Protein chains: 2
Amino acid sequence: MPVPTTERTIDHRRAIAERNVDAILDAAELLLQRRAQASIAAVAAEAGLSRVTVYAHFPTRAQLLEAVVERAVRRTITALEQAEPEQGSPAEALERVVAAGWRELDRNRGLAAAALADLSPTALRRAHRAAYRRLGELIERGRSDGSFRTDLPTDWLITSALALIHAAGDEVRAGRITQAAALRFLAASIHSLLAPPPLEG
Amino acid sequence: MPVPTTERTIDHRRAIAERNVDAILDAAELLLQRRAQASIAAVAAEAGLSRVTVYAHFPTRAQLLEAVVERAVRRTITALEQAEPEQGSPAEALERVVAAGWRELDRNRGLAAAALADLSPTALRRAHRAAYRRLGELIERGRSDGSFRTDLPTDWLITSALALIHAAGDEVRAGRITQAAALRFLAASIHSLLAPPPLEG
């Protein structure tokens, strides 16, 4: 049975819209990685689209930036899954997951700098929601089997681990520590942060 | 002996310049605490000075913001000194110092939000230099007497403690945790971060 013309038109329009969104996000990401100002005008020029088209999908630069960060976070989560957070002890799994997240953050340095500079903490948190959830599951697993502490809430443990990861990123970007040192400091610090505190005498 | 006229004129000019800088910093701080845009024009209006005078002292908004943050950090250091970082065990001293720093950060929430949003990590670090040094001395004292870890550099311990303090500040500002909870989480987390790691079996 042939598809009616109106449905074909709608499918066709949807395909164009999706392709445009991809092109816009690619262009914005490229500009941010090059440390260029990803203004709506610059993004439109880079994507070969009109400014009207860009505005139709992203009314503000902040919304566009948030969408770019969200896509980068989705890629990061794929990398985290490949680090197999379900395998082995929670402490070892966390070490693999932090290393994988760290490599992704390194790949996205320009983007991370723009996001930290221009997104509100609430927008940043929204964009990272999926990564928070994934890290939360791993931490819950460690809390259940006694390898991670339960005297502080999971949300705070996630927040503080991510704060350390981003602080280490800043240190590397500023040239104060090397990539290798940062990963070593992070692994040791996050381990201490999550381990059950020794019983006080 | 009467002071020569030219010297008196220079002293007089210097006094005016100092008074103007104080008025500019007060005005900028007031605007930032109210979450208002502290543009050079708005600061000049609030301080009752001409824009030319403000620009003469602070050529850019970033330089002005950095000076405001630096002054707030100086006030924070006075509060840290009153917490007596030299008294008692380093761990207890650190707990008092973190609580004092935390109260100051709370008093300066609007300013902290503007600084995080608009200053580069390098400018932020520059503005906090004096606080870093003070915290560094306390951490060194704990490293010498065995109460703090020596497997990670002091600089990283300072950076990570401050990252946690600022992350807790974000959580409180976003209404996700209370002031009291934040201080409790911070005390426990910074304690774990700085304690010597248990010997691995």
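Residues numbered from 1 in each chain as written. Chains lettered and ligands numbered in written order. Predicted model: local features only at pLDDT ≥ 70, side-chain atom pairs only at ≥ 80, totals over all residues. Heavy atoms only, no water.

1. Some remarks on the interface of chain B and chain A
At the junction of the two partners, chain B supplies 27 residues and chain A supplies 27 residues. Buried surface at the junction of chain B and chain A, both sides included, amounts to about 2300 Å², of which 65% is carbon and sulfur. Remark: the boundary between chain B and chain A carries zero salt bridges. Counting every contact that joins chain B to chain A gives four residue pairs in polar contact (both at pLDDT 80 or more). Elements with a contribution of two residues or more to the side of chain B that touches chain A: helix H6 (109-118), helix H7 (121-127), helix H9 (154-173) and helix H10 (179-194) of chain B. Element by element, the count of residues in the side of chain B that touches chain A is highest for H9 of chain B, at nine residues. Here the residues of the side of chain B that touches chain A sort into 14 nonpolar, five polar and eight charged. (Contact = heavy atoms within 4.5 Å. Buried area = accessible area lost by both parts, 1.4 Å probe. Salt bridge = Lys/Arg side-chain N within 4 Å of Asp/Glu carboxyl O. Polar contact = N/O pair within 3.5 Å; in protein donor to acceptor, adjacent residues only side chain to side chain. Helix = DSSP H or I, 4+ residues; strand = E, 2+ residues; numbered from the N terminus. Nonpolar A, V, L, I, M, F, W, Y, C, P; charged D, E, K, R; others polar.)

2. Details of helix H10 (residues 179-194) of chain A
Along its 16 residues, H10 of chain A runs 22 Å from first to last C-alpha, staying within 8% of the 22 Å computed at 1.5 Å per residue. Those residues of H10 of chain A lying buried are Ala-181, Ala-182, Phe-185, Leu-186, Ser-189, Ile-190, Ser-192, Leu-193 and Leu-194 of chain A. Next to the buried residues of H10 of chain A lie helix H5 (90-107), helix H8 (129-144) and helix H9 (154-173) of chain A together with H9 and H10 of chain B. (Expected span 1.5 Å × (residues − 1). Buried < 20%, exposed > 50% of the residue type's maximum accessible area, 1.4 Å probe, protein only.)

3. Quick notes on the packing of aromatic side chains
We describe a pair of aromatic rings using the distance from one ring centre to the other and the angle between the two ring planes. The tally for this structure, following the rule as stated, stands at two aromatic pairs over all chains. Ring centres of Trp-156 of chain A and Phe-185 of chain B lie 5.9 Å apart, and the angle between their planes is 35 degrees; on these two criteria the pair is classed as tilted. Here Trp-156 of chain A is found in helix H9, whereas its partner Phe-185 of chain B is found in helix H10 on a different chain. You can call Phe-185 of chain B buried: its relative accessible area is 6%. (Phe/Tyr/Trp six-rings, centres within 6.5 Å; stacked < 30°, edge-to-face > 60°.)

4. Some details on the pattern of salt bridges
Per the stated rule, a full pass over the model turns up 28 salt bridges over all chains. Close ionic contact of Arg-75 of chain A with Glu-29 of chain A constitutes a salt bridge, the shortest N to O distance being 2.8 Å. Highlighted residues: Arg-75 of chain A in helix H4 (residues 61-82) and Glu-29 of chain A in helix H1 (residues 5-33), separated in sequence by 46 residues. The class for Arg-75 of chain A is partly exposed, based on a relative accessible area of 33%. We classify Glu-29 of chain A as buried; its relative accessible area is 11%. Notably, a salt bridge pairs Arg-107 of chain B with Glu-104 of chain B, separated by 2.6 Å at the nearest N-O pair. Of this pair, Arg-107 of chain B and Glu-104 of chain B both sit in helix H5 (residues 90-107), separated by three residues, roughly a single helical turn.

5. Topic: the relation of the copies chain B and chain A
The two copies are related by a screw motion: chain B maps onto chain A through a turn of 180 degrees and a shift of 0.0 Å along the axis, at an RMSD of 0.0 Å. In the structure described here, the two chain copies are related by an operation that fits a two-fold rotation axis. Both copies present the same face, since 100% of the interface residues in chain B are matched by interface residues at the equivalent positions in chain A. (Least-squares fit on C-alpha atoms with pLDDT ≥ 70 in both.)

6. Here we look at the packing of H10 of chain A against H10 of chain B
Running from amino to carboxyl end, H10 of chain A crosses H10 of chain B at an angle of 130 degrees, the nearest separation of the two axes being 8 Å. One finds that H10 of chain A runs oblique with respect to H10 of chain B. For the pair H10 of chain A and H10 of chain B, the crossing hand works out as right-handed. Seen from H10 of chain A, the contacting residues are Ser-189, Ser-192 and Leu-193 of chain A; seen from H10 of chain B, they are Ser-189, Ser-192 and Leu-193 of chain B. Residue classes in the contact of H10 of chain A with H10 of chain B are distributed as two nonpolar, four polar and no charged. (Axes fitted to C-alpha atoms, helices over the stretch in contact; angles between N-to-C directions. Parallel < 35°, antiparallel > 145°, perpendicular 65-115°, else oblique. Left-handed = near helix turned anticlockwise from the far one by under 90°.)

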